[in-house]
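Below, each chain spelled out in residue letters.
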Amino acid sequence: MTWIYEARLYDSKAVAMYVAMNLRDSGARQRLDASSVQVYRTRRGNYGVRYRTFEA
């Protein structure tokens, strides 16, 4: 399994966590669970969201 990165970076960690929360909530359709969605920080200080899908 590899990480899938969202294309957009955010200035605020709160905004990135909101996006991650929305991914988790809609994850029933995409086979995501809470541990497979993460917020990460770049070297420049921006925040992003990455996730893993579970293949059946």
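Residues numbered from 1 in each chain as written. Predicted model: local features only at pLDDT ≥ 70, side-chain atom pairs only at ≥ 80, totals over all residues. Heavy atoms only, no water.

Considerations on the packing of aromatic side chains
Here is the rule we go by: Aromatic contacts are taken between Phe, Tyr and Trp rings whose centres are within 6.5 Å, Trp giving its six-membered ring; a plane angle under 30 degrees counts as stacked, one over 60 as edge-to-face, and the others as tilted. To qualify as a helix, a DSSP run of H or I must reach at least 4 residues; to qualify as a strand, a run of E must reach at least 2; elements of each kind are numbered from the N terminus. Throughout this description, buried means an accessible area under 20% of the type-specific maximum (1.4 Å probe, protein chains only), exposed means over 50%, and partly exposed covers the range between. Put simply, a charge is over a ring when the Lys NZ or the Arg CZ is close to the ring centre, within 6 Å, and near the line of the ring normal, within 35 degrees.
By the definition in use, this model includes 1 aromatic pair. An angle of 90° between the planes, with centres 5.4 Å apart, marks the rings of Y5 and Y40 as edge-to-face. Here the residue Y5 occupies a position in strand β1 (residues 4-5), and Y40 occupies one in strand β2 (residues 37-41), the gap between them amounting to 35 residues. Judged by its relative accessible area of 45%, Y5 is partly exposed. The ring of W3 has R50 lying over it, and the distance from NZ or CZ to the ring centre is 4.3 Å.

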